[in-house]
Amino acid sequence: MTKDQKVVAIQEIKDLLQDAKVVYVADLEGLNAGKSSDFRRQAFKQNIKVKVVKNTLLQKAMEQIEGVDYSEMFPSFKGNTALMIADTANAPAKLIQGFRKKEEKPALKSAFVQETFYIGDNNLDMLANIKSREEMIGEIIGLLQSPIQRVVSALQNKPETVEAKAEEAAPAVEETPAAEAPEAAADSTEETSAE
């Protein structure tokens, strides 16, 4: 690779990393061409950009990115390296997990997710369980809607409870003649005692 080609390659990597919030570095070594293209196809469907890169060029590109110090990831740059960029925090981890049900690779080398570094394949399960922004928003909306739904339900059921109370009160009004009956019984006892 000539010096000019290296400069172009570093710039391409920098362009990928520039505004990236989710960066995974994986090892695809051992995947044949068919499996590798299948992995890329699945990544494309999930809006994950995958680029196989040289470790030295990746490191140089990361060193030139302002605002993020990727140096914690550098020791993991050994062997075959694939850079994965996504918008959803757990998408690359889930893709790797799903692919590993059939294969030994890809393996996670390191990741930068939600301003935190994860080094090593042992972090894959934890990364896969990170909730995406959309999942978090959905849960918050669900929590906020719950009390509102209870209020709406109570308001919708309120006319029924008012009618039920009115029906309960109506028999009490009908019992009024029965209340007069004891007086009539008292009158009859007086008459019997007078005789």
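All values derive from a computational prediction rather than experimental measurement.

1. Side note on the overall build of the protein
Okay, so step 1: Counting secondary structure elements, the protein contains seven helices and five strands.
Okay, so step 2: Helices (α) and strands (β) of the protein occur, in sequence order from the N terminus, as α-β-α-β-α-β-α-β-β-α-α-α.
Okay, so step 3: Looking at the protein as a whole, 32% of its 195 residues qualify as buried.
Okay, so step 4: Taking the contacts inside the protein whose residues are at least 6 apart along the sequence as the reference set, 77% of them involve residues at least 24 apart.

2. What about the layout of surface pockets?
Okay, so step 1: The space that makes up the largest pocket amounts to roughly 180 Å³.
Okay, so step 2: Taken together, Leu17, Gln18, Asp19, Ala20, Lys21, Ile65, Glu66, Val68, Tyr70, Phe112, Gln114 and Glu115 form the lining of the largest pocket.
Okay, so step 3: Residue composition of the lining of the largest pocket, grouped by class: six nonpolar, two polar and four charged.

3. What to know about the side chain of Lys109
Okay, so step 1: Checked against the element boundaries, Lys109 lands in strand S4 (residues 107-113).
Okay, so step 2: There is no salt bridge for the buried Lys109, and the closest opposite charge comes from Asp27, which lies 5.2 Å off by N-O distance.
Okay, so step 3: Within polar-contact distance, the side chain of Lys109 engages the backbone oxygen of Asn80 at 2.8 Å.

4. Overview of helix H1 (residues 3-17)
Okay, so step 1: Here H1 spans 21 Å end to end across 15 residues, near enough to the 21 Å set by a 1.5 Å rise per residue.
Okay, so step 2: Within H1, burial applies to Ala9, Ile10, Ile13, Lys14 and Leu17. Down the axis of H1, the smallest arc covering the buried residues is 140°, so these residues share one side. Residues of H1 that are exposed and point over 90 degrees away from its buried face: Asp4, Val7 and Asp15.
Okay, so step 3: Those residues of H1 that are buried are in contact with strand S1 (22-27), strand S2 (49-53), helix H3 (55-63) and strand S3 (81-86).

5. Comments concerning the pattern of salt bridges
Okay, so step 1: Under the criterion given, the structure shown has four salt bridges.
Okay, so step 2: Residues Arg41 and Asp38 are paired through a salt bridge, measuring 3.4 Å at the closest nitrogen-oxygen approach. Placement of both Arg41 and Asp38 in helix H2 (residues 33-45) is noted, with a separation of three residues, approximately one turn of the helix.
Okay, so step 3: Under the relative-accessibility criterion, Arg41 is labelled partly exposed at 46%.

6. Things to note about the packing of H1 against H3
Okay, so step 1: Running from N to C, H1 and H3 point in directions that differ by 55°, and their axes come no closer than 9 Å. Judged by the angle between their axes, H1 and H3 are oblique. In this structure, H1 crosses over H3, and the sense of that crossing is right-handed. The residues of H3 that touch H1, namely those facing Lys6, Ala9, Ile10, Ile13, Lys14 and Leu17, are Leu57, Leu58, Lys60, Ala61 and Met62.
Okay, so step 2: Looking at the contact of H1 with H3 residue by residue, the class counts come to eight nonpolar, no polar and three charged.

7. Some remarks on the nonpolar core
Okay, so step 1: Residues Tyr24, Phe39, Ile48, Met84, Val113 and Leu127 are the most contacted members of the largest nonpolar core, which totals 26 residues.
Okay, so step 2: Where this core is concerned, the elements lending two or more residues are S1, H2, S3, helix H4 (91-99), S4 and helix H5 (124-128).
Okay, so step 3: With five residues, the top contributor of residues to this core is H4.
Okay, so step 4: If sequence neighbours within four positions are ignored, Tyr24 has contacts with Ala82, Leu83, Met84, Ala89, Asn90, Pro92, Ala93, Leu108, Ser110, Ala111, Val113 and Leu127.
Okay, so step 5: In terms of nonpolar packing, the next biggest core, distinct from the first, is built from 21 residues, Ala9, Ile13, Leu17 and Val23 among them.

8. Focus: the packing of aromatic side chains
Okay, so step 1: Within the structure shown, the criterion is met by five aromatic pairs.
Okay, so step 2: Plain terms: the ring middles of Tyr70 and Phe112 are 5.5 Å apart, the flat faces sit at 75° to each other, and that makes the pair edge-to-face. Note that Tyr70 is positioned in the loop between H3 and S3 and Phe112 in strand S4, a separation of 42 residues in sequence. Neither Tyr70 nor Phe112 differs from the other in exposure class; each is buried.
Okay, so step 3: An aromatic cluster is built from Tyr70, Phe112 and Phe117, whose rings are joined through pairwise contacts.

Reading the values: the criteria
- Residues numbered from 1 in each chain as written.
- Predicted model: local features only at pLDDT ≥ 70, side-chain atom pairs only at ≥ 80, totals over all residues.
- Heavy atoms only, no water.
- Helix = DSSP H or I, 4+ residues; strand = E, 2+ residues; numbered from the N terminus.
- Buried < 20%, exposed > 50% of the residue type's maximum accessible area, 1.4 Å probe, protein only.
- Contact = heavy atoms within 4.5 Å.
- 1 Å grid on protein atoms, 1.4 Å probe; cavity = no way out; pocket = protein on both sides within 12 Å on 5 of 7 lines; lining within 4 Å.
- Points joined across faces, edges and corners; volume = space filled by probe spheres on them.
- Nonpolar A, V, L, I, M, F, W, Y, C, P; charged D, E, K, R; others polar.
- Lys, Arg positive; Asp, Glu negative; His and termini not counted.
- Salt bridge = Lys/Arg side-chain N within 4 Å of Asp/Glu carboxyl O.
- Polar contact = N/O pair within 3.5 Å; in protein donor to acceptor, adjacent residues only side chain to side chain.
- Expected span 1.5 Å × (residues − 1).
- Arc of directions from axis to C-beta.
- Axes fitted to C-alpha atoms, helices over the stretch in contact; angles between N-to-C directions.
- Parallel < 35°, antiparallel > 145°, perpendicular 65-115°, else oblique.
- Left-handed = near helix turned anticlockwise from the far one by under 90°.
- Core = buried A, V, L, I, M, F, W, Y, C linked by side-chain atoms within 4.5 Å.
- Phe/Tyr/Trp six-rings, centres within 6.5 Å; stacked < 30°, edge-to-face > 60°.

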